[in-house]
Amino acid sequence: MTKLIDLKAPPILEIGKITLPEPKKITLDNGIPMFVFQGAKNDILCVELLFNSGRWTEPSPLTAGSCGRLIKSGTLNKSSFELSEEIDFYGSTIKAGAGYNTFSLQLFTLHRFFNESFPLFQECLFDIAFPETEIDLYKSNALSKHRVELEKNDYVADMAFKKIVFGDQHPYGYETSEERIKAINQTDILEYYRKELRIDNCAIFVSGNVLETHIQAINNLLGKKDWNKSSTGLPVSTAPPSGTIPQQFHQQKKNSVQCSIVIGKQLFNMSHEDYPEFLLMNTIFGGYFGSRLMSNIREDKGYTYGIYSGLQSLKFGGVYSIQTETGLEHKNDCLKEIYTEMSRLRESRVTERELTLARNYLLGKFMGKTDGAFNQVEQFKKYYVEGKSVDLFDNIVEKVRNCNAERIRDLATTYLNKENFSEIVIG
Amino acid sequence: MIQVSKKILKNGLTVVHHLDENTPFVVVNVLYKVGAKDEDPERTGFAHLFEHLMFEGSKHAKSYDQPLQEAGGENNAFTNNDYTNYYSQVPANNIDISLFLEADRMAFLNINQRSLNVQKKVVVEEFKENYINQPYGDVWHLLREMVYEKHPYKWPTIGLRTEHISEAVLEEVRNFFSMHYQPQNAILVIGGNIEEAVAFEKAEQYFGWIEPQTVTEKKEVIEPEQTVAKTKTVYADVPLNGLYIAFKSTDRYDDDFYVSDLISDILSGGQSSRLYQRLVKEQKLFVSIDAYISASNEIGMFVVEGKINEDVPVSVAEAAVWQEIELLKTELTEKEIRKTKNKILSYLNFSDTSIMGRTINIAYYEMLGDANGINQEESKYESVTLEKIQRFCNKYLTHSKSNTLYYLRKQHDQAN
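Residues numbered from 1 in each chain as written. Chains lettered and ligands numbered in written order. Predicted model: local features only at pLDDT ≥ 70, side-chain atom pairs only at ≥ 80, totals over all residues. Heavy atoms only, no water.

Colleague: Break down the domain arrangement of chain A for me, citing the residues and quoting the values.
Modeller: All names here are of chain A. Entries for chain A in the domain assignment read domain 1 (24-222) and domain 2 (248-426). Here domain 1 and domain 2 have C-alpha centroids that lie 30 Å from each other. Listed as interface residues are 33 residues of domain 1 and, on the opposing side, 32 residues of domain 2. Roughly 2,600 Å² of surface becomes buried between domain 1 and domain 2 when both sides are summed, with 72% attributable to carbon and sulfur atoms. Seen at the junction of domain 1 and domain 2, the total is one salt bridge. We note a salt bridge from glutamate 48 to lysine 381, for which the minimum N-O separation is 2.6 Å. Across the domain 1-domain 2 interface, the total number found is nine residue pairs in polar contact (both at pLDDT 80 or more). Counting only elements with at least two residues in the side of domain 1 that touches domain 2, the list comes to strand 2 (33-38), strand 3 (44-51), helix 5 (153-166) and strand 6 (202-208). (Domains from an automatic or database assignment. Contact = heavy atoms within 4.5 Å. Buried area = accessible area lost by both parts, 1.4 Å probe. Salt bridge = Lys/Arg side-chain N within 4 Å of Asp/Glu carboxyl O. Polar contact = N/O pair within 3.5 Å; in protein donor to acceptor, adjacent residues only side chain to side chain. Helix = DSSP H or I, 4+ residues; strand = E, 2+ residues; numbered from the N terminus.)

If you want it as structure tokens, here you go:
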């Protein structure tokens, strides 16, 4: 039998200083800024070229993303297979992808294969031909995968939400549709590739166990004056975001046992003065496992496996949403409880205990963002993309530390009003 | 090289320490050697349901999550067929909170009707979210049942049916706890910014006094060898026909495990891999295709799965997969093996960069028998040879030992 012993909870100690260190900055011969994040036990290295581009500047919908997915589709001299075979042989990974306002090209490699892998990475940047046959195959598979995705309620709900909030012409809002997949074409992809992956549009992030020889090699290979690309970029999107008027969109789906719920609206990004304390308010509301939404709707009522809310900071604005999946029989109760929790947070002040709990949890999360080179680079990039310095990170941490219950209620009063939210239910 | 040191407390609890001075955190990982394979066939999904109940508080901590979050920590857990794993990460100065909470729930879990009722509902929603309301969501239910005749791997961790979960009663929860949640059935790993001596001292302080109860010996199940190919066909509202071919494979302790993993990578690891190159890109038979192993402790599974292109007959796609399996036995070069080893080497080096991931991994290797095993993976993969690969293919990947699941699109005349 277990011995009876009176265990006592140890005291909780304060969370110490949290700061995001400045990386080492180097400027390549052609002016590209390069940021170095040092620190990894193993002999590994990640080189990322980040372009100020993405959906915001693409000639037609889905072009930036397709350019990323086809980044190993072959050069004039090498087939896609030959290129992939070489990269794979050195155990390296080359990835590319487009965000709303970024286009990223990454190389992950071991030290011992750096010299062989880096020229291949360079080929992906300079010489990809985007052959028609590769594009056709990519489109046909993308179409099939899209049809599978459409069977998933959460995918449909999220797409409908973004479309309602930003509009179907806006780069943050447009839908992936069969027509748009079918319209992907070589001319646009090549135009995007030539005009958007430019020297004056680029920053480099190097992380891992970075040696001086790596830095020199990067400068030799990417620091030359001319990349032989277009000197001007594509025009930026001019579609104004729609979505100031909240909408309700409910769609039933045959054979569903659960429905996907998204409740959300446009909001601000990290530059906004309310951003830091809003993060804390959101943590209390639905941002962590101990949140009000989770405690009520999962832990008390058992309506869902999980419910979360979050603010996505974008370069131009932001989007705030609450997302969950619930059994059809719980749908109405679940919706009701979400709105009840909004009004509870507006109407009464949180206790000091609840505030401390959420604040410390959030501080622990911030600490995690400073832990090691790979976390630091991810965090730094977010600030860099939005044109902010790392000081903002430290300021956000301080504002979260000093936020009080009064302020939480004020923010809830300003931002958590049912009538401003769109409501999407699929299933 | 990942440095680990180990100590076994008097009550049988294994404690492993790993130092990383570059992180501001300490991670506490407690692994219990109990999983879905230890369940009553009439109560499948129980180990996982129990995992949920471990977060419902204990005698000296009304809530598990709250103190941990207040200490700036985060935590989670997962259950699979072999084991159940709990992990938390806290700023290093709050290590005591984490150890206290783990020790208290190991000794005095608060088991009550209310928690059980709520968590049964939550798990049923989880079941629906991931296994019912998803296209191809029940594939693992179907495949496991085909591949295993006797072995409890024949049901998935979530359980066979939602009824098994909703019918669970409190008495079963109590029994499960005392049968499996004992110190000698657990591994505690403390990783991160904490000195070895301090870690062992605190482990002793928080866990050393827990007196163990006897843990039921596990019976060994003899799984008969498969001699005849099996097939099954299901129809569902899915946009593409799915093809799944599964074989019984080796256990995790056998050197052949590394062989099987390497083979799955030759087939589908990376864009230059055989199945992707030939069947997706050249022959355009599949939209996507993948080969992988289940990495279970005991009899594993080797699976090839693909979504077939709309206008391609299933039989044509299936024949092409078999041709690729046969080609492994006859056409394989040293260069291709080298390439695959390099990819694995890279994966191993990139996979343990976070202290949380590393600590969880150390616990896993200790469960397999030795935490230091984490440092031997590279050489084990290196020792795979062309002969070993071909021997494996001839032994395991044969038609008579295959289990083929046709997951087909419901035609309009079959729709209700």
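So much for the structure itself; the text now carries on.
Colleague: How would you summarise the pattern of salt bridges if you had to cite specific residues and measurements?
Modeller: A full pass over the atoms with the stated rule returns 53 salt bridges over all chains. Measuring nitrogen to oxygen at the nearest pair gives 3.1 Å for the salt bridge that ties Glu298(B) to Lys37(B). Taken together, the positions of Glu298(B) in the loop between strand 9 (286-293) and strand 10 (301-308) and Lys37(B) in the loop between strand 3 (25-32) and helix 1 (46-53) put the pair 261 residues apart, joining distant regions of the chain. Among the salt bridges present, the one from Arg105(B) reaches Glu102(B), with a minimum N-O distance of 2.9 Å. Residue Arg105(B) and its partner Glu102(B) are both found in helix 3 (residues 95-108); the two are separated by three residues, about one turn of the helix. Both residues of the pair, Arg105(B) and Glu102(B), belong to the buried class. By sharing partners, the salt bridges in this structure join Asp300(A), Lys301(A), Lys336(A), Glu337(A) and Arg114(B) into a single network. (Buried < 20%, exposed > 50% of the residue type's maximum accessible area, 1.4 Å probe, protein only.)

Colleague: Lay out the sheet that holds strand 4 (residues 74-79) of chain B with the relevant residues and their values.
Modeller: Strand order in this open sheet of six strands is 1-2-6-3-5-4 (chain B), and the pairing throughout is mixed. The open sheet has two edge strands with one neighbour each: strand 1 (5-8) and strand 4 of chain B. For this sheet the average axis-to-axis angle between neighbouring strands, irrespective of direction, equals 15°. Summarising the sheet, strand 2 (residues 14-19) of chain B and strand 6 (residues 186-192) of chain B pair through six bridges and their orientation is parallel. Following the sheet pairing, His17(B) is matched in strand 6 of chain B by Ile190(B). Along the sheet, helix 12 (residues 352-369) of chain A contacts strand 3, strand 4 and strand 5 (84-91) of chain B; its crossing angle with strand 3 of chain B, the most-contacted strand, is approximately 100°. Where helix 8 (residues 196-207) of chain B meets the sheet, it contacts strand 1, strand 2 and strand 6 of chain B, and its direction lies at approximately 150° from that of strand 2 of chain B. (Pairing = 2+ DSSP bridges. Axes fitted to C-alpha atoms, helices over the stretch in contact; angles between N-to-C directions.)

Colleague: Can you lay out the nonpolar core for me, pointing to particular residues and giving the numbers?
Modeller: All names here are of chain A. In this structure, Ile263, Ile322, Phe366 and Leu416 are the most contacted members of the largest nonpolar core, which totals 70 residues. The leading source of residues in this core is helix 12, at eight residues. Setting aside anything within four residues of it in sequence, one finds isoleucine 263 in contact with Tyr320, Ser321, Ile322, Leu335, Ile338, Tyr339, Met342, Phe421, Ser422 and Glu423. One finds Leu62, Phe130, Leu197 and Ala217 within the second-largest nonpolar core, a separate group that totals 61 residues. (Core = buried A, V, L, I, M, F, W, Y, C linked by side-chain atoms within 4.5 Å.)

Colleague: Lay out the packing of helix 9 (residues 275-287) of chain A against helix 14 (residues 391-402) of chain A in plain terms, naming residues and giving numbers.
Modeller: All names here are of chain A. Axis separation between helix 9 and helix 14 bottoms out at 8 Å; the angle between their running directions is 55°. If you check the angle between helix 9 and helix 14, you find them oblique. Crossing handedness for the pair helix 9 and helix 14: right-handed. Residues Tyr275, Pro276, Glu277, Leu279 and Leu280 of helix 9 touch helix 14, and the partners they reach there are Ile396, Lys399 and Val400. Partitioned by chemical class, the residues of the contact of helix 9 with helix 14 number six nonpolar, no polar and two charged. (Parallel < 35°, antiparallel > 145°, perpendicular 65-115°, else oblique. Left-handed = near helix turned anticlockwise from the far one by under 90°. Nonpolar A, V, L, I, M, F, W, Y, C, P; charged D, E, K, R; others polar.)

Colleague: Help me get a handle on the packing of helix 1 of chain B against helix 7 (residues 170-180) of chain B, residues and values and all.
Modeller: Packed helices, taken two at a time, are described by the angle their axes make and the gap between the axes. Residues and elements named next belong to chain B. With their axes 11 Å apart at the nearest point, helix 1 and helix 7 run at an angle of 90° to one another. When the axis of helix 1 is compared with that of helix 7, the two are roughly perpendicular. Note on element contacts: helix 7 touches helix 1 through Glu172, Val173, Phe176 and Phe177, opposite Phe46, Ala47, Phe50 and Leu53. Residues belonging to the contact of helix 1 with helix 7 are distributed by class as follows: seven nonpolar, no polar and one charged.

Colleague: Describe the pairing of strand 6 of chain A, listing the residues and the values that go with them.
Modeller: Residues and elements named next belong to chain A. Burial of strand 6 is extensive: seven of the seven residues sit out of reach of the surface. Examined bridge by bridge, strand 2 and strand 6 share five bridges and lie parallel to one another. Note on strand 6: the bridge partner recorded for valine 36 is valine 206. In this structure, strand 3 lies alongside strand 6, joined through seven bridges in antiparallel fashion. Among the inter-strand pairings, leucine 49 is bridged to a residue of strand 6, identified as isoleucine 204.

Colleague: Could you give an account of the side chain of Asn282(A), with specific residues and numbers?
Modeller: By the secondary structure assignment, Asn282(A) is in helix 9. For Asn282(A), a relative accessible area of 7% translates into the label buried.

Colleague: Describe the interface of chain B and chain A, and please don't skip the residues or the numbers.
Modeller: Bring the parts together and some accessible area is lost; that lost area is often taken as the interface size. With 77 residues of chain B at the interface, the matching set in chain A holds 77 residues. Note on chain B versus chain A: buried area summed over both sides is about 6,800 Å², and carbon and sulfur give 55% of it. It is Glu70(B), Asn133(B) and Phe350(B) in chain B that bury the most area against chain A; as a group they hold 10% of the surface buried on that side. Applying the counting criterion to the chain B and chain A interface returns 10 salt bridges. Between Lys128(B) and Glu329(A) there is a salt bridge, with the nearest N and O atoms lying 3.2 Å from each other. For the side of chain B that touches chain A, the elements supplying multiple residues, two or more each, are helix 2 (65-70), helix 3, helix 4 (113-132), helix 10 (274-282), strand 9, helix 12 (334-351) and helix 13 (355-368) of chain B. Here the side of chain B that touches chain A is built from residues that sort into 25 nonpolar, 26 polar and 26 charged.

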